[in-house]
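For reference, the chains in residue letters:
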Amino acid sequence: MIRPLAGMARVGLRFQLAYRSDVIMTVLALIAQVFLLRMVWTSVYGGAGQARGLTLEALLAYLSLANLQAFATTPIIPLIAHFRIRTGMVFFDLSRPTGYLPQMAAFQAGHTLGGLLMLAPAVPVVLLVGTITPTAQPLGYAATLTLGYVISVMMSLLICVIGFWTLETGAISLLYRLISQFFAGTMVPLSFFPGALGVLAEALPFKYMGYVPAAIYVGHLSGGQVVQAMIVEVSWIAGLAVLLWAVWRRAHRRVVINGG
Amino acid sequence: MIRVESLTKVFRRPRTFPGPLGALRTLVTRRYDERVAVDDVSFEIPEGEVVGYLGPNGAGKSTTVKMLTGILTPTSGLVEVGGRVPWRDRSANARSVGVVFGQRSQLWWDLPLIESLRLVGALYDVPAAHFTGSLRRMCDLLGLDDFLDTPVRQLSLGQRMRGDLAAAMLYDPPILYLDEPTVGLDVLAKQAVREFIVDTNRAGRTTVVLTTHDLADVEALCRRIILIDKGRVLYDGGIDALVTAYAPPRRLVVHLADDETRTFDIAGGASVPELIGRVAAENTIRDLSIEEPDLESVIKQIYAESTR
Ligand SMILES: Nc1ncnc2c1ncn2[C@@H]1O[C@H](COP(=O)(O)OP(=O)(O)OP(=O)(O)O)[C@@H](O)[C@H]1O
Ligand SMILES: [Mg+2]
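Cut-offs used in this document
Residues numbered from 1 in each chain as written. Chains lettered and ligands numbered in written order. Predicted model: local features only at pLDDT ≥ 70, side-chain atom pairs only at ≥ 80, totals over all residues. Heavy atoms only, no water. Helix = DSSP H or I, 4+ residues; strand = E, 2+ residues; numbered from the N terminus. Buried < 20%, exposed > 50% of the residue type's maximum accessible area, 1.4 Å probe, protein only. Contact = heavy atoms within 4.5 Å. Areas by Shrake-Rupley, 256 points an atom, 1.4 Å probe, with all protein chains shown as cover. Lys, Arg positive; Asp, Glu negative; His and termini not counted. Charge placed at Lys NZ, Arg CZ, Asp CG, Glu CD. Patch = residues over 30% accessible without salt bridge, like charges linked within 9 Å, V, L, I, M, F, W, Y side chains within 5 Å. Salt bridge = Lys/Arg side-chain N within 4 Å of Asp/Glu carboxyl O. Expected span 1.5 Å × (residues − 1). Near = heavy atom within 4 Å. Polar contact = N/O pair within 3.5 Å; in protein donor to acceptor, adjacent residues only side chain to side chain. Nonpolar A, V, L, I, M, F, W, Y, C, P; charged D, E, K, R; others polar. pLDDT = per-residue confidence, 0-100. UniProt positions renumbered as here; feature names shortened; annotations may be inferred. 1 Å grid on protein atoms, 1.4 Å probe; cavity = no way out; pocket = protein on both sides within 12 Å on 5 of 7 lines; lining within 4 Å. Points joined across faces, edges and corners; volume = space filled by probe spheres on them. Domains from an automatic or database assignment. Axes fitted to C-alpha atoms, helices over the stretch in contact; angles between N-to-C directions. Parallel < 35°, antiparallel > 145°, perpendicular 65-115°, else oblique. Left-handed = near helix turned anticlockwise from the far one by under 90°. Pairing = 2+ DSSP bridges.

Looking at an unreviewed UniProt entry, one finds chain A named ABC-2 family transporter protein, with Microtetraspora glauca as its source organism.

Glancing now at the overall build of chain B. The number of helices and strands found in chain B is eleven helices and twelve strands. Overall, the C-alpha framework of chain B stretches about 75 × 55 × 45 Å when taken along its three principal axes. Classification of the 308 residues of chain B by burial places 49% in the buried group. At a minimum sequence separation of 6, the contacts of chain B that also span at least 24 residues come to 69%. Carbon and sulfur atoms provide 50% of the accessible area of chain B, an area that totals close to 14800 Å². The average position of the 37 basic charges and that of the 42 acidic charges among the side chains of chain B differ by 9 Å.

Bringing a positive patch on the surface into the picture now. Together, R249, R250, R253 and R254 of chain A line one region of the surface with positive charge. Relative to the helices and strands, R250 of chain A resides in helix α12 (residues 224-253).

Residues and elements named next belong to chain B. Its 13 residues give helix α6 (residues 157-169) an end-to-end C-alpha distance of 18 Å, which sits within 8% of 18 Å, the value for a rise of 1.5 Å per residue. Among the residues of α6, G158, R160, M161, G163, D164, L165, A166, A167, A168 and M169 are the ones counted as buried. Where α6 is buried, its residues contact β5 (97-101), α4 (113-123), α5 (128-142), β6 (175-179) and α7 (187-204).

What follows concerns the site of ligand 1. For ligand 1, the set of nearby residues contains 14 residues, the closest of which are G58, K61, S62, T63 and H213 of chain B. More than one chain lines the surroundings of ligand 1; the residues nearby belong to chains A and B. S62 of chain B places a polar side-chain atom, nitrogen or oxygen, 2.7 Å from an oxygen atom of ligand 1. Contact with the protein chains removes 80% of the 630 Å² of surface that ligand 1 exposes when unbound. Counting only elements with at least two residues in the shell around ligand 1, the list comes to β1 (2-14), β2 (32-45) and α2 (61-68) of chain B. Sorting elements by how many residues they give to the shell around ligand 1 places α2 of chain B first, with three residues. Class assignment of the residues belonging to the shell around ligand 1 gives a composition of three nonpolar, seven polar and four charged.

Here the focus is unusual backbone geometry. Residue and element names in this part refer to chain B. Within the chain, K230 stands out as a residue other than glycine whose phi angle is a positive 50°. With respect to the helices, strands and loops of the structure, K230 is situated in the loop between β8 (224-229) and β9 (232-238). You will see that D259, though not glycine, has its phi angle at about 60°, which is positive. Overall, the relative accessible area of 64% leaves D259 in the exposed class.

So, on to the confidence of the model for chain A. The predicted model of chain A has a mean per-residue pLDDT of 89, with 98% of residues at 70 or higher. At the low end of the mean pLDDT range in chain A sits helix α7 (residues 122-129) of chain A, at 78; at the high end sits helix α1 (residues 2-18) of chain A, at 95.

As a further point, take a nonpolar patch on the surface. A cluster of nonpolar side chains, I24, M25 and L28 of chain A, forms an exposed patch at the surface whose accessible area comes to about 330 Å². With respect to the secondary-structure elements, I24 of chain A resides in helix α2 (residues 20-45).

What follows concerns the UniProt feature "transmembrane region" (unreviewed entry) in chain A. Residues and elements named next belong to chain A. Feature annotation in UniProt places "transmembrane region" (unreviewed entry) on residues 21-41, 61-83, 104-129, 141-167, 179-206 and 226-248, given in this structure's numbering. Between the first and last C-alpha atoms of residues 21-41 the distance is 30 Å; the span itself is 100% helix and 0% strand. What you have in residues 61-83 is 87% helix and 0% strand, and the ends, taken at the C-alpha atoms, are 37 Å apart.

Residues and elements named next belong to chain A. Roughly 810 Å³ of internal volume is contained in the second largest pocket. Forming the walls of the second largest pocket are 30 residues, and the residues nearest its centre are Q16, D22, I76, L79 and H111. Where the lining of the second largest pocket is concerned, the elements lending two or more residues are α1, α2, α3 (56-73), α4 (77-87), α6 (100-119) and α9 (170-183). Its residues assigned to classes, the lining of the second largest pocket shows 16 nonpolar, ten polar and four charged.

Turning next to the domain arrangement of chain B. Assigned domains within chain B: domain 1 (45-244) and domain 2 (249-292). The distance between the C-alpha centroids of domain 1 of chain B and domain 2 of chain B comes to 44 Å.

Our next topic: the packing of α1 of chain A against α6 of chain A. Residue and element names in this part refer to chain A. Two elements in contact, α1 and α6, have axes whose closest approach is 7 Å; the angle formed by their N-to-C orientations is 40°. Between α1 and α6, the crossing angle belongs to the class labelled oblique. The interaxial crossing formed by α1 with α6 has right-handed handedness. Mapping the contact onto sequence places L5, M8, A9, V11, G12, L13, F15, Q16 and L17 in α1 and P102, Q103, A106, F107, G110, H111, L113, G114, G115, L117 and M118 in α6. For the contact of α1 with α6, the per-class residue count stands at 13 nonpolar, seven polar and no charged.

Residue and element names in this part refer to chain B. An order of β11-β10-β12 is seen for the three strands of this open sheet, with the pairing classed as antiparallel. Each edge of the sheet is formed by a strand with only one pairing partner; in this case those strands are β11 (261-266) and β12 (285-291). With strand direction ignored, the average angle separating the axes of adjacent strands in the sheet is 20°. In this sheet, β12 lies alongside strand β10 (residues 250-256) in antiparallel orientation, the contact comprising six bridges. Bridging across to β12, H255 finds its partner in D287. Each of β10, β11 and β12 is contacted by helix α10 (residues 272-282), which is oriented at about 150° to β12, the strand it contacts most.

This is the structure we're talking about:
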């Protein structure tokens, strides 16, 4: 079981490295985004000391981190799956002794690792622009971020599987990307979301990919809130696992392979 | 090895509607268009045989192959490969079959060929020593050494096809499904692919189901063919028997002095010298030849009859 997955992860990594120029663009976009957000939010704060319990310093650090996380963990597999289903190449993924979903998850893990390797040079710049200082809660940060990443991969696996019904996930995955980034709080921290939007954002799992770990890092969430976040994350993972299993069983039976 | 009984596949897709709102209607419709791709097909293939699975475009060949691999679930009927039902036992079945689709590739487009081959080694958990040996053999048989480190997107069609053949055979599956493995290849590349098939079949008693539109492939590789059209089996048996049974008569073609060409059917049992004598008595013959019926003319005739 390990070797097939390691092999798939290796291909995911190599795939990411093959698109080096994309990553350079991504890094530039990331730095630009952090820079712009910094300008906007500095002006919004004016002279105010803090808003909703966040100082400007903490907010800027939060935004830089949340964007760094979002860029590093944006899933690629919905795009890959979409292409392979459309062209019928998914035939080969399905004809392996290893399951389709584990293959895709391993590919994603390798791809993310490759992204991290290439993002590494940008990290000091982002930390500097975001004036990020070491965190008081490194364990809580690492744990919630890791669990958040698992949730993110499971959600994108769900989108891959939906492709077996619709045979078309291009628009869906674009929409997903938009929604997930917004509700992850990469532009605006969740504590600033008004009324119903705030409730919705709190209820959705996207915050675990951005807001929650970043807020823990800057000390906006702490102590019992960290533990609670981790418990909810684990529940999401369990729920998504059941959902994925059920949806995949049905998708499996209706597979058609395009082209002959 | 492979047993297929009354295998049927009906594709059901939501009816498509014309017009600007057609796509929307298609999304919500409960009306379906049905297409019978494979219709009550039965055959058996013993271990070690190389069988040509032939038929005109859209006959249902690729659909059959997809069901034999277990990826597509049959609408009805039975498939058994090595004692297993492929679509119920996909993982175990996966280890025992290799597949090549000429029209699409299992190789990762953006990565060097060797990466895709390594991935196959990992996915099928081929032990390292075995993998090295297997890869060596593939490289020798298919001449991969020159482009192992080239990204697949930079390979020519023939090179890519050789890469795909290697990927399908690296883990020594006892069964090989080849769906148009020679499509678009030049004469030499076709020859290389044929030799590879002969070699794997001989060396490992690999069972091969070969789909192709190139009858020279069939003549070089298969003694038995299964002919299908519109999802139904038209013929299943030896090539020789087919040619004998369906053969159009041999024909005498004579070129006359005044640049005229005439052809005469040679009826079964008729004496050829006698016929030539008769023709020569009435005309001045410049040249003559006898056309033997071949597989192509036979199959052309069968396709034509089935369309009627
Ligand atoms: N996914 C699908 N949905 C609906 N109909 C399909 C699908 N795939 C194939 N068909 C139909 O099933 C029939 C058989 O197709 P198949 O691909 O098996 O033909 P084939 O014998 O491989 O032809 P070719 O020689 O052209 O490759 C065709 O009429 C085709 O239109
Ligand atoms: Mg076909």
